[in-house]
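Coordinate analysis (summary)
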Amino acid sequence: MPSFEEARDIILANVHPLGEEMVPLLEAVGRVVKRDVVAPWDLPQFDNSAMDGFAVRAANCSKVPAELSVTGFLPAGGDGPAALETGCAVRIMTGAPIPPGCNAVVPIEETEEMGDRVVIRQKVQPRQHIRHQGSDVAAGAPILEAGTTVRPAEIGMLAAMGQALVPVHRKVRVAILSTGDELIELGEAPSPGRVINSNALSLAAAVREAGAEPVLLGIARDDIESHREKIQQGFRFDALITSAGVSAGDRDLVREVLAELGAQEQFWKVAMKPGGPTAFALQDGRPVFSLPGNPVSTMITFELLVKPALLKMMGYRKVVRPFMKGILAEDAHKKEGKTHFIRVTVKKRHGRYVAYCAGDQHTAILSTMTRCDGLAALPSEATFVPAGSEVDLVLLRDVELVPETTS
Ligand SMILES: Nc1nc2c(c(=O)[nH]1)N[C@H]1C(S)=C(S)[C@@H](COP(=O)(O)OP(=O)(O)OC[C@H]3O[C@@H](n4cnc5c(N)ncnc54)[C@H](O)[C@@H]3O)O[C@H]1N2
Ligand code: MOO
């Protein structure tokens, strides 16, 4: 039986980045660039003023103060300006093209206007306050490298370069299949013995949060035919996640049907808790994750085992977030042989994260899951982890939201 880390390694070794799709600029935010993009032109595309002021030829201002006649006005967006005559200046606004013959801009604050003349009271350096063509990016230079995650800054660059479409790794389309005769869908009337198919929705939310696209396949009933039909539907997507029916029960059919349909199982059972009965298979090279049905086990195995795989498939390079370090606030007892991931609330005290048990740790208890801030990993070999021990932590909230305490 693989350890948690070994199971994750097996999964990651068997999934690969998907191909390219071109998406409109705004849809590219958060996605990973598939191939290098080079600048089609210089940026700025033309020499332009960095200040509101006067465009001049520096040599005409060598005498201090210098007095020049103002022969024109150049707003940003103006057409190609006429050349500057010797001894003259042109009133110019920020962003307007520099007229031929000018090599400096004098900010308005450093001048005094007198009718159609301007007095410049300071020395003028050639090139001052001009944003030169190509000084930001030269045509042909890389503006985005393959593997970059697109942020608003990259969107701005692409837009400035006239790029309306961005080559990114395809989103993973993830089929989500629940199994079990007890399940009803949200909206159906609850009755004794029936359980709402909440796993499909928590998984869909987690898939979407990871940046992938969930596709809900509904429920496979506890018979081979229903499993076969739904699982075959699931094979049409980039990845398939099933929940429940993977343990040791008489009606746990998922592995059997997957095998019958030709999926190659890479492992079944992981030395972790929750998540013990998790299975992983490949169907035509596509991953099939069979997660345990207890709702908390489903969510935690998604976070720890499935999410890194989906991120890798979408081109992200760093897909396993390193554990943070925290201090366990209370003693914890466990059986030897499995890494236990316990749900904890987390506070920051004197710069260190302190983890408190968030409540009943049974994997059917949803309220401990909604209350918790993260998971503390208790080592496989341990049977007792005393209060004050340093443990690995996985935060399930933004680290900035962890409250500070002095008590
Ligand atoms: N004899 C054994 N029994 C169990 C073992 C074991 O090793 N030997 N493992 C236990 C552990 S640990 C887990 S986890 C569960 C996982 O079993 P399955 O994956 O086969 O899941 P089910 O038994 O079908 O369901 C478990 C539980 O979860 C509820 N469930 C299932 N699907 C959904 C859903 N879509 N939405 C909400 N809730 C769902 C289901 O009603 C059950 O209560 O097995 C233990 N047993
Ligand atoms: O392995 Mo189960 O997922 O602990 O509840």
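Residues numbered from 1 in each chain as written. Chains lettered and ligands numbered in written order. Predicted model: local features only at pLDDT ≥ 70, side-chain atom pairs only at ≥ 80, totals over all residues.

Heads up, the condition is: UniProt positions are given in the numbering used here, feature names are shortened, and annotations may be inferred rather than shown by experiment.
In the nomenclature of an unreviewed UniProt entry, the protein is known as Molybdopterin molybdenumtransferase of Citrifermentans bemidjiense. For the record of the protein, the UniProt heading Cofactor (unreviewed entry) holds the text "Mg(2+)".

**Describing the site of ligand 2**
Rule in force here: Put plainly, near means the residue's C-beta atom, positioned from the backbone, lies within 6 Å of the molecule or strand in question. Put simply, Ala, Val, Leu, Ile, Met, Phe, Trp, Tyr, Cys and Pro go in the nonpolar bin, Asp, Glu, Lys and Arg in the charged bin, and everything else, Gly too, in the polar bin.
Every residue near ligand 2 is listed here: K273, P274, G275, G276, P277, P292, N294, S297 and T363. Of the residues contributing to the shell around ligand 2, the split by class is 3 nonpolar, 5 polar and 1 charged.

**Digging into the site of ligand 1**
Rule in force here: Strands are runs of DSSP state E lasting at least 2 residues, helices are runs of H or I lasting at least 4, and numbering of each runs from the N terminus.
In the region of ligand 1, 27 residues are neighbours, and N199, A244, S247, P292 and G293 sit closest. Within the residue set of the shell around ligand 1, elements represented by two or more residues are helix 3 (198-209) and helix 6 (295-313). Per-element tally for the shell around ligand 1: the top contributor is helix 3, with 3 residues. Here the shell around ligand 1 is built from residues that sort into 11 nonpolar, 14 polar and 2 charged.

**Some details on the sheet that holds strand 20 (residues 279-283)**
Threshold: For two strands to pair, DSSP has to find at least two bridges joining them. Orientation is described by axes fitted as lines to C-alpha atoms, over the contacting stretch for helices, and by angles from 0 to 180 degrees between their N-to-C directions. Remark: residues whose backbone-derived C-beta atoms lie within 7 Å of one another are considered to be in contact.
The 6 strands are arranged 16-13-17-21-20-18 in an open sheet whose pairing can be described as mixed. With partners counted over all chains shown, the strands left at the sheet margins are strand 16 (213-220) and strand 18 (264-268), one partner each. Across the sheet, the axes of successive neighbouring strands diverge by a mean angle of 20°, strand direction being ignored. Strand direction decides the pairing type here: strand 17 (residues 239-243) and strand 21 (residues 286-291), joined by 4 bridges, are parallel. What sits directly across from L240, in strand 21, is V288. Sheet strands in contact with helix 1 (residues 4-13) are strand 18, strand 20 and strand 21, and its direction is about 160° off that of strand 18.

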